[in-house]
Structure formats: structure tokens, C-alpha cells
Amino acid sequence: SIMHYSTDLIKQNHNIDIDWSNINLNDVNVLKEFKNGNCIGIFQFGTYGLRKLCKDLKIDSFNLLSHATAVYRPASLRNGQTEEFKMHRAQNIRCVYNNKLDEILYDTYGVIIYQEQVMRIVNELAQMSFTDADKIRKFLDWEDKEALEQYRYKFIQGCIKNEISRIDAIKIWKILISYGGYAFNRCFSGD
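Since we're looking at a predicted model, the values are computed, not measured. Residue positions are given per chain, counted from 1 along the sequence in the order it is written. Residues qualify for local features only when their pLDDT is at least 70, as the model is predicted, and side-chain atom pairs are given and counted only at 80 or more; totals for whole chains, interfaces and linings, by contrast, use all residues. For the side-chain quantities, the full set of heavy atoms in the structure was used; hydrogens and water were omitted.

Engineer: Explain the overall build of the chain here, please?
Structural biologist: Only runs of H or I of at least four residues qualify as helices and only runs of E of at least two qualify as strands under DSSP, and these elements are numbered from the N terminus. Scanning the chain for helices and strands turns up 12 helices and zero strands. The helix and strand sequence of the chain, counted from the amino end, reads α-α-α-α-α-α-α-α-α-α-α-α. In terms of its C-alpha atoms, the chain occupies a principal-axis envelope of roughly 60 × 35 × 25 Å. Of all 191 residues assigned to the chain, the portion counted as buried reaches 42%. The criterion used for residue contact is that any of the two residues' heavy atoms lie within 4.5 Å. Partitioning the contacts of the chain with sequence separation of at least 6, the portion at a separation of at least 24 is 51%. Accessible surface, the chain: about 11400 Å² in total, of which carbon and sulfur atoms supply 53%. Three labels apply to residues, based on accessible area from a 1.4 Å probe with only protein chains included: buried if under 20% of the type maximum, exposed if over 50%, partly exposed otherwise in between. Each accessible area value is a Shrake-Rupley result obtained with a 1.4 Å probe; residue values ignore everything except the protein chains displayed when judging cover.

Structure below.
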């Protein structure tokens, strides 16, 4: 594998043994380099745009690096999601909606970034099954508005049964529709 190959090259060229299972993801010196945009040559982070985003976000954790790679996608850039994330991060805005949605989006500053968040919104707020949540996630990815429409009423009714007002339920559905199609799979972003 590439990890073994890299380990062998590091040992061969620098006489350093790397224990990949014991890597400190909170290494202040490493995070400082990302914060300063010094990440040329690092997969995904070497582009001008992501280097600038790292500087703008003032990267201070591995988790924030994960968010940066997920939110720096063509669709997210196009629909303003990346700028909204940067603004919320800069102002430390975590509670945006003043309802149960804030809990799910707390870690990502009130912005839907991950597909897993989409599924949690459908399951926890609308009390729909994970099967339905996965179908909605797929329809969002495919931008299949006709297929999504069949779930709108069920979603809103589920939210109402979960003590979320009809007005908030409709707002949440609209947010889900506008951001959900651009959501990234978190396991790909963090690995």
C-alpha cells in the first residue's frame, strides 16, 4: 500500500520510524502550517483556493481541516455555502435557526456540509426512517425534485409531531433542499 511505501521511504531516506497508529492529530506545529496556508504539496490542500481557505478559517484543529475539504467543492463554492461557512466560523456563529436543527449543525457552524447531517435531519427532526433518509439523500444528490416532492409532506408532518412548528418545518425542508444536494460524505473528508 502507499502507506507502507511511504513508511519505507521515510525510513530509508531519513532513518525515522513512523507509527501511523500513534499520530497526534492535534499537533500545534502542523496545524500552524495549515493556518498559515503552508500546505503546497499536501493532497487536496495544495491548491491556491484551499490554501486561502485554510488561512481564512484560521485552522486550529483536524476537525476543521475535514470541514474545509468538504466545503471546498465546486457546488458549495457556487451556491455560497463556502462563504457562509467562512463567515459563521469567523463570527463563531453556531446557532442559526433557533430550533433542533442547530444541534445537528453545531459542529459545522450552522451549515449542512455532510450527507450524514442530511440523514440525521430527516431521521431526528422529522422522525423518518433511515431508509427514507437515505432515499432523500440520494434524491438530493441527483437533484431529483419530483422524487423529493413525495417526501415533503411526510417530512413536515414528522417535524410537527416532533414539536417543531409548521413554519420551522417548512424552513428546514427548504434548507435541506438547498444545501443537501451539495453535502459531502464525512467519512471521505476525515480520512
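Continuing now.
Engineer: What's the story with unusual backbone geometry in this structure? I'm lost.
Structural biologist: One non-glycine residue, N98, lies in positive phi territory at about 55 degrees. Here N98 lies in the loop between helix 6 (81-90) and helix 7 (101-105). Phi is positive for Q127, which is not a glycine, with a value near 55 degrees. Its location among the elements puts Q127 in the loop between helix 8 (115-125) and helix 9 (130-141). Taking relative accessible area as the criterion, Q127 reaches 48% and is therefore assigned partly exposed.

Engineer: Any chance you could explain the packing of helix 3 (residues 48-57) against helix 4 (residues 62-71) here in plain terms?
Structural biologist: Packed helix pairs are characterised by how far apart their axes lie and by the angle those axes make with each other. The N-to-C vectors of helix 3 and helix 4 enclose an angle of 135 degrees; their axes lie 10 Å apart at closest approach. The orientation of helix 3 relative to helix 4 falls into the category oblique. Seen along the crossing, helix 3 lies across helix 4 with a hand that is right-handed. On helix 4, the residues that touch L50, L53, C54 and L57 of helix 3 are L64, L65, A68 and V71. Grouping the amino acids of the contact of helix 3 with helix 4 by side-chain chemistry returns eight nonpolar, no polar and no charged. Comment: axis = line fitted to C-alpha atoms, over the contacting stretch for helices; angle = value between 0 and 180 degrees taken between N-to-C directions. Roughly parallel covers angles under 35 degrees, roughly antiparallel covers those over 145, roughly perpendicular covers 65 to 115, and oblique covers all other angles. With the far helix as reference, a near helix turned anticlockwise by less than a right angle produces a left-handed crossing, and one turned clockwise produces a right-handed crossing. When residue character is reported, Ala, Val, Leu, Ile, Met, Phe, Trp, Tyr, Cys and Pro are called nonpolar, Asp, Glu, Lys and Arg charged, and the others, Gly included, polar.

Engineer: What exactly am I supposed to notice about the nonpolar core here?
Structural biologist: Generally speaking, soluble globular proteins have nonpolar side chains that are buried together. The criterion is simple. A nonpolar core is a set of buried Ala, Val, Leu, Ile, Met, Phe, Trp, Tyr and Cys residues joined through side-chain atoms within 4.5 Å. Counting 30 residues, the largest nonpolar core has L101, I112, I121, L125, I136, F155 and L176 as the members making the most contacts within it. Counting only elements with at least two residues in this core, the list comes to helix 7, helix 8, helix 9, helix 10 (145-161) and helix 11 (166-180). With near-sequence residues (within four places) excluded, L125 lies in contact with K100, L101, I104, R120, G158, C159, N162, I164 and I172. The next biggest cluster of nonpolar side chains, apart from the first, holds 20 residues, and it includes F45, L50, A68 and V111.

Engineer: Even after reading the chapter, I still don't get the environment of F155, so can you show me in this structure?
Structural biologist: Its place among the elements puts F155 in helix 10. With 117 residues separating them in the primary sequence, F155 and N38 have C-alpha atoms 44 Å apart.

Engineer: Even after reading the chapter, I still don't get the confidence of the model for the chain, so can you show me in this structure?
Structural biologist: Parts of the model with low pLDDT should not have their predicted coordinates read in detail. For every residue, the predictor assigns a confidence score, pLDDT, that lies between 0 and 100. In this model, the chain carries a mean pLDDT of 92, and residues with pLDDT of at least 70 account for 97%. Within the chain, no element has a lower average pLDDT than helix 12 (residues 186-190), which sits at 63, and none a higher one than helix 3, at 97.

Engineer: I keep staring at the pattern of salt bridges and nothing clicks. Help me out?
Structural biologist: If charged atoms from side chains of opposite charge come close, those side chains can pair. When a carboxyl oxygen of Asp or Glu lies within 4 Å of a side-chain nitrogen of Lys or Arg, that pair is called a salt bridge. Summed over the entire model, instances satisfying the criterion amount to 12 salt bridges. Close ionic contact of K86 with E83 constitutes a salt bridge, the shortest N to O distance being 3.1 Å. Taken as a pair, K86 and E83 lie in helix 6 at a separation of three residues, close to a single helical turn. For K86, a relative accessible area of 17% corresponds to the buried category. D107 serves as the salt-bridge partner of R186, at 3.2 Å between the closest nitrogen and oxygen. Here R186 is found in helix 12, whereas its partner D107 is found in the loop between helix 7 and helix 8, with 79 residues between them in sequence. Salt bridges here are not isolated pairs; linked through shared partners, they connect K52, D56, E83 and K86.

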